[in-house]
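Structural overview for review
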Amino acid sequence: MNLSKDKTLDLVTRCGEGDEAALKLFFESYSEDIYNFPMKIFHLSEDDAGDFFLYAFERLKTGARFSSFKGKSSFRTWFYSVLRNMLIDWQRTKRELKITNLGKINKEGKEYATIEDEPDLRPELVEEAQELTKLFHQVLGEIGVEKRVIFKLSYIYYLNLDEEEIQFLVSKTNLGLDDLKKKILELRSELSKREEENIRMEDKITSLYLNILELKEKQTATVKKAPILPQEIDKTSQALKKKYEQRKKLLEKRKKGHFLARTPYREVADLLGITEGNVSVTLLRLIEKIQKKLKFSELSE
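Parameters and conventions
- Residues numbered from 1 in each chain as written.
- Predicted model: local features only at pLDDT ≥ 70, side-chain atom pairs only at ≥ 80, totals over all residues.
- Heavy atoms only, no water.
- Helix = DSSP H or I, 4+ residues; strand = E, 2+ residues; numbered from the N terminus.
- Expected span 1.5 Å × (residues − 1).
- Bend = angle between axes of the 7 residues up to and from the residue.
- Buried < 20%, exposed > 50% of the residue type's maximum accessible area, 1.4 Å probe, protein only.
- Polar contact = N/O pair within 3.5 Å; in protein donor to acceptor, adjacent residues only side chain to side chain.
- Core = buried A, V, L, I, M, F, W, Y, C linked by side-chain atoms within 4.5 Å.
- Contact = heavy atoms within 4.5 Å.
- Axes fitted to C-alpha atoms, helices over the stretch in contact; angles between N-to-C directions.
- Parallel < 35°, antiparallel > 145°, perpendicular 65-115°, else oblique.
- Nonpolar A, V, L, I, M, F, W, Y, C, P; charged D, E, K, R; others polar.

By the naming in an unreviewed UniProt entry, the protein chain is Sigma-70 family RNA polymerase sigma factor, taken from Leptospira semungkisensis.

Shown next as C-alpha cells:
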C-alpha cells in the first residue's frame, strides 16, 4: 500500500511518538518492503529474508527509530537506508532462530509465540571454511614455485608468501630481502586503495537501487499529470533507463569477480622480468586448475 507524502510524514511522526495504531498501519503498509529488501538489494534467500524481517520488526516496533526521519529526503530513501544498516548489523550478529508456538499467554490473555535458540551453526560454517581454505592451500602448494609465485603476487592483498617463495623472488629479482619486503608492502598499500574502491562500488549498487525507486515514484506522480508534462515523463523514463543500465553493469562486474583487489599484470611482470601475456596466461590456467581440483574433491566426498 502506497501512502501520499503528507500521510506518510504524519504516519512516521506518530510512529516516532510510539503511537500503536500508527505502528500497526506502518507494518501493514511496508511489511512487504521489509521482507523483499534483503532479496532485492543483497540477493539473499527467502529464508534469510524471513529471518531479517523478524530482526527488523523487533527493532522498529517501538517506533524509536522513526524519530530520525525529518522529511528532507523521500521516506523510502530514508527507510531503505535504515534497513540497509540494520541488515549489515544483522549479518554480523545473526544466529539461527526458530519460531516455536509454546502456547504462552500474555497479561491480556492472548496467546503468543516465542523465539527459541537452536544450536549456533556458526562453528560448523567456520570449520567448513577452514577446511576449504586448507584444501585451497594444499592444491596451491602442489604447483611449481614459479607459477605459484605468479599466482600469489597477483593476489598478494589476500595471500602471504612462504619462505621458499621469498627465496625464489630474492634470486629472481636480485633484490635484497628488505627491498623485497618494501616492494610487497607498497603493492599491498596500493591494493588496499582498490579494495576501498570495491567497497564504494558495492555501496553504489545499493545507491542506484534507491535512485531507481525514487525515479519510479516520480514517474508515477508525473503520469497523473501526463497531459501537462509529457516532456517530464520522458526525462524520468530516460533517467530510469540509465540507472538500470548502470546497476546492471556493476552487478555483472561483481559476478565476474571484478570486485577483487588483484595486482595489475604489469606490476607482476615487471617484478619477475616476464611479459604481461605470460602472467595473464599462467594465471588463467592456474585458476582453471585450482577450480577443477576443488570441484573434484567436493564430488568425491
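Once you've had a look at it, read on.
1. A few points about helix 2 (residues 20–41)
With 22 residues, helix 2 ought to run about 32 Å at 1.5 Å a step, and its terminal C-alpha atoms sit 29 Å apart, in line with that. The sharpest bend along helix 2 comes to roughly 55 degrees, located at Tyr 30. Taken together, the buried positions of helix 2 are Ala 22, Leu 23, Phe 26, Phe 27, Ser 29, Tyr 30, Asp 33, Ile 34, Asn 36, Phe 37, Pro 38 and Ile 41. Where helix 2 starts, the residue carrying a side-chain oxygen 2.9 Å from the main-chain nitrogen of Ala 21 turns out to be Asp 19. His 43, located one to two residues past helix 2, shows a positive phi value of around 55 degrees.

2. What about the nonpolar core?
Residues Phe 26, Phe 52 and Phe 79 are the most contacted members of the largest nonpolar core, which totals 29 residues. For this core, the secondary-structure elements that each account for two or more residues are helix 1 (5–16), helix 2, helix 3 (46–60), helix 4 (75–93) and helix 8 (177–223). For this core, the element with the most residues is helix 4, which contributes 9 residues. In contact with Phe 52, not counting residues within four places along its chain, are Ile 34, Phe 37, Pro 38, Leu 83, Met 86, Leu 87 and Trp 90. With 18 residues, the next largest nonpolar core counts Val 149, Leu 161, Leu 187 and Ala 261 among its residues.

3. As for the packing of helix 6 (residues 145–154) against helix 7 (residues 163–173)
Contact geometry of helix 6 with helix 7 gives a least axis separation of 10 Å together with a crossing angle of 95 degrees. By the angle class used here, helix 6 and helix 7 are roughly perpendicular. Contact residues: helix 6 offers Val 145, Glu 146, Arg 148, Val 149, Lys 152 and Leu 153, while helix 7 offers Glu 164, Glu 165, Phe 168, Leu 169 and Lys 172. Here the contact of helix 6 with helix 7 is built from residues that sort into 5 nonpolar, no polar and 6 charged.

4. Some details on the environment of Lys 293
As for its placement among the helices and strands, Lys 293 is situated in helix 11 (residues 276–300). A sequence separation of 153 residues divides Lys 293 from Leu 140, and the C-alpha atoms of the two residues are 9.9 Å apart. Setting aside its immediate chain neighbours within four residues, Lys 293 contacts Val 139 and Glu 142.

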